[in-house]
Structure formats: structure tokens, C-alpha cells
Amino acid sequence: MVIGIIDSGLDLTHEDISANIYINENEIPDNNFDDDENGYVDDYQGYDFADNDPAPQAETSFHGNRVGGVAGAVTDNEIGIAGTGFNTKISPLKAFQTTSNISKGNYEAIIYAADNNYDVINLSWGSAGGFSRFNQDVINYAALEKDVVIIAAAGNTPEELDFYPASYDNVLSVSSTNLDDSKASFATFSTNVDLVAPGNQIYSSFKDNEYARDNGTSYSAPMVAGAAALVRAQYPELSALQVMELIRVN
């Protein structure tokens, strides 16, 4: 199982992350050639869509490394944390520019994950309002035509509103709870939210082999993404939509 972490990149050498990073074995690294002919050069360990290069290393923002750790940090290694995905691989698809941290290439990354047969993608970003037919079409392509489970954070504005991409059709929208399973004070809510997961004081991988706590639906979503990978492994006959519904109703 492979989870695409579309975010600010991963710390590729972090002690609790590196062993679970997905390797594209059809690509030879650093030869400046598109060996697997998928349109991307040297995408051996994911890709940086924001800066258009094959180095999805977290550098200025380690948000993605925290998110990736929740979903897929190495288990049973007696260090750090354990990702909910157990032996699932995580793939950094960087969609935030290194210099400015401005998002770019987010939906291109979704198409990449879909075309390269990823099983799950996690989207711990977005904004209120701003529905886009184009973006919905990209989501539909990934979920319906390429059979990818799409998990997204519902947002950290404590109001009833639609937050995208979480509120698009064919996305499992995840909001946050506190330590006592009550709704987190910062969490967005709406009729488009499908379920909740812990999002308060979440301990995860940070930079330079460090660990840190943080709050947000950004961390609730990858908990569910890891769970979705486990469901897909256990029930390979289920479609992406069936996996999302199985998680939601249970």
C-alpha cells in the first residue's frame, strides 16, 4: 500500500520516516532521464510539483513530515512514534514551494498519484469556499477512474462552512476531536464532514530526527489515511469509494 502525502515534503533522512518512503523502482535516481516514461524525470522518491524538481525534501516547512509520520512512521523500531498505516509506504508529493511555502501543483500531484497507481492520498490543506469544477473533475478522475482513496482535512476554522478539497464529492472529509473525544474547539464542521479523529496535541515526527506536538485536522486526516491503507490491504476487492464508505459507517 502506498499513501501519497501531498504536502510540504518529507524529511527523507528522518530516523522514523526514511525506511517507509516509497521507492519507484522503475526510475534510476539522479540520471536526469525519465526511465519509466511517466513524464517526470528522476521521480525515485516522489516529486516536488511546487518547485518542479525531483527533490521532495521538507526544508522550510515540516508540516508534511508531521502529517506523513502520523500516517506512516516506521513501526516496531523502538524509536519515535508508530504510524497508523503500520507497514504502509508513504510518498512525498511536494506541493508547497520551498522559498515561499505557497501552494502550487496540488492537483497536478493528485493526478500523478492517480496515474502512478497509489492506493491512498492525503490532503492536509485547503481553504474555505472557492469550489472549482476543474478541481472536482480532478478528484473524480482520481477516485472514480483510477480508484484512489482520497482523505482530506476538514479545516481549522471553528465555524460551519465548506472547506475544499475536503468538501468535494468523493473525498473523505475528516475533522478533529480532543483527548476526551469531544469536538476540538478549532475544528471546522459541516454536513460535508464524514468522520472525526484525534487532532489535539498530536505527537509526530519533526525535523532532524526530532518530534513535536501540534494541533489540527491536518493530523486527523492522516490517521484515517493510514487506516484506509489497512482496509485496502485487508479487502483488496473493494473500490476506493467502498473503502471510504466502510470507514465512514464503522
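Remember, predicted model here, so these are calculated numbers, not experimental data. Along each chain, numbering runs from 1 in the same order as the chain's sequence is written. Thresholds applied to this predicted model are a pLDDT of at least 70 for local features of residues and 80 or more for the giving and counting of side-chain atom pairs; totals over whole chains, interfaces and linings are not thresholded and use all residues. The basis for every side-chain value is the complete set of heavy atoms in the structure, and neither hydrogens nor water enter the calculation.

Draft legend 1. Spotlight on the layout of surface pockets. A 1.4 Å probe that fits but cannot get out identifies a cavity on a 1 Å grid over protein atoms alone, an open set with protein on both sides within 12 Å along at least five of seven lines counts as a pocket, and a residue lines either if it has an atom within 4 Å of a point. Grid points are joined across faces, edges and corners, and a volume is the space filled by probe spheres set on the points. Of the voids in this model, the largest pocket is the one considered here, and its volume is about 210 Å³. In this structure, the largest pocket is lined by 14 residues; those nearest its centre are D169, N170, V171, L172 and D194. Here a helix means four or more residues in a row that DSSP labels H or I, a strand means two or more in a row labelled E, and each is numbered from the N terminus. Sorting elements by how many residues they give to the lining of the largest pocket places helix α5 (residues 240-249) first, with four residues. In this structure, the second largest pocket encloses a volume near 150 Å³. No other element matches the three residues that helix α4 (residues 217-234) contributes to the lining of the second largest pocket. Three categories are distinguished: nonpolar for Ala, Val, Leu, Ile, Met, Phe, Trp, Tyr, Cys and Pro, charged for Asp, Glu, Lys and Arg, and polar for the others, with Gly belonging to the last. When grouped by side-chain class, the residues that make up the lining of the second largest pocket number four nonpolar, nine polar and no charged.

Draft legend 2. Inspection of the packing of aromatic side chains at higher detail. Stacked, edge-to-face and tilted are the three classes for Phe, Tyr and Trp ring pairs, Trp counted by its six-membered ring, which pair at centre distances within 6.5 Å; planes under 30 degrees apart are stacked, over 60 edge-to-face, the rest tilted. Counted according to the given criterion, the structure contains 13 aromatic pairs. With centroids separated by 5.5 Å and ring planes inclined at 55 degrees, the aromatic side chains of F131 and Y168 adopt a geometry described as tilted. You can see F131 sitting in the loop between β5 (127-128) and α3 (133-145) and its partner Y168 sitting in the loop between β7 (163-164) and β8 (172-177), a full 37 residues away along the chain. Each residue is placed in one exposure class: buried if its accessible area under a 1.4 Å probe, protein chains only, is under 20% of its type's maximum, exposed if it is over 50%, and partly exposed if it falls in between. You can call F131 partly exposed: its relative accessible area is 47%.

Draft legend 3. Representation of α5 within the structure. Looking at α5, one finds that the buried residues are A240, V243, M244 and I247. All buried residues of α5 project into a common sector of 95 degrees when viewed along the axis, lining one side. Read the arc as the range of directions from the helix axis to the C-beta atoms.

Draft legend 4. The arrangement of the side chain of T217 in detail. Secondary-structure assignment places T217 in helix α4. Assessed through its relative accessible area of 1%, T217 is described here as buried. Whether two residues are in contact is decided by their heavy atoms: any pair within 4.5 Å suffices. Sequence-distant contacts of T217, defined by excluding residues within four places in its chain, comprise A153, A154, G155, N156, V174, S175, S176 and F186.

Draft legend 5. Spotlight on the pattern of salt bridges. Salt bridge, as applied in this entry: a Lys or Arg side-chain nitrogen positioned within 4 Å of an Asp or Glu carboxyl oxygen. In this structure the tally under the stated criterion is seven salt bridges. Among the ionic pairs, R66 bridges to D214, the shortest N-O distance being 3.1 Å. Note that R66 is positioned in helix α1 (residues 63-72) and D214 in strand β11 (residues 211-214), a separation of 148 residues in sequence. With a relative accessible area of 25%, D214 lands in the partly exposed category. Of the charged contacts, one joins D137 and R133 as a salt bridge, the two residues approaching to 3.3 Å between their closest N and O atoms. With D137 and R133 both in helix α3 and four residues apart, the pair spans about one turn of that helix. When its relative accessible area of 41% is taken as the criterion, D137 is described as partly exposed. You can call R133 partly exposed: its relative accessible area is 48%.

Draft legend 6. View of the packing of α4 against α5. In this analysis an axis means a line fitted to C-alpha atoms, helices contributing only their contacting stretch, and an angle means the value between N-to-C directions, from 0 to 180 degrees. Where α4 meets α5, the axes come as close as 10 Å, and the angle between the chain directions of the two elements is 120 degrees. Classified by the interaxial angle, the pair formed by α4 and α5 is oblique. In the packing of α4 onto α5, the handedness of the crossing is right-handed. Residue-level inspection shows V224, A227, A228, V231 and R232 of α4 in contact with α5, the latter providing A240, V243, L246 and I247. Split into classes, the residues belonging to the contact of α4 with α5 amount to eight nonpolar, no polar and one charged. Roughly parallel here means an angle under 35 degrees, roughly antiparallel means over 145, roughly perpendicular means 65 to 115, and every remaining angle is called oblique. Here is the rule for handedness: rotate from the far helix to the near one, and if that takes an anticlockwise turn smaller than a right angle the crossing is left-handed, while a clockwise turn gives right-handed.

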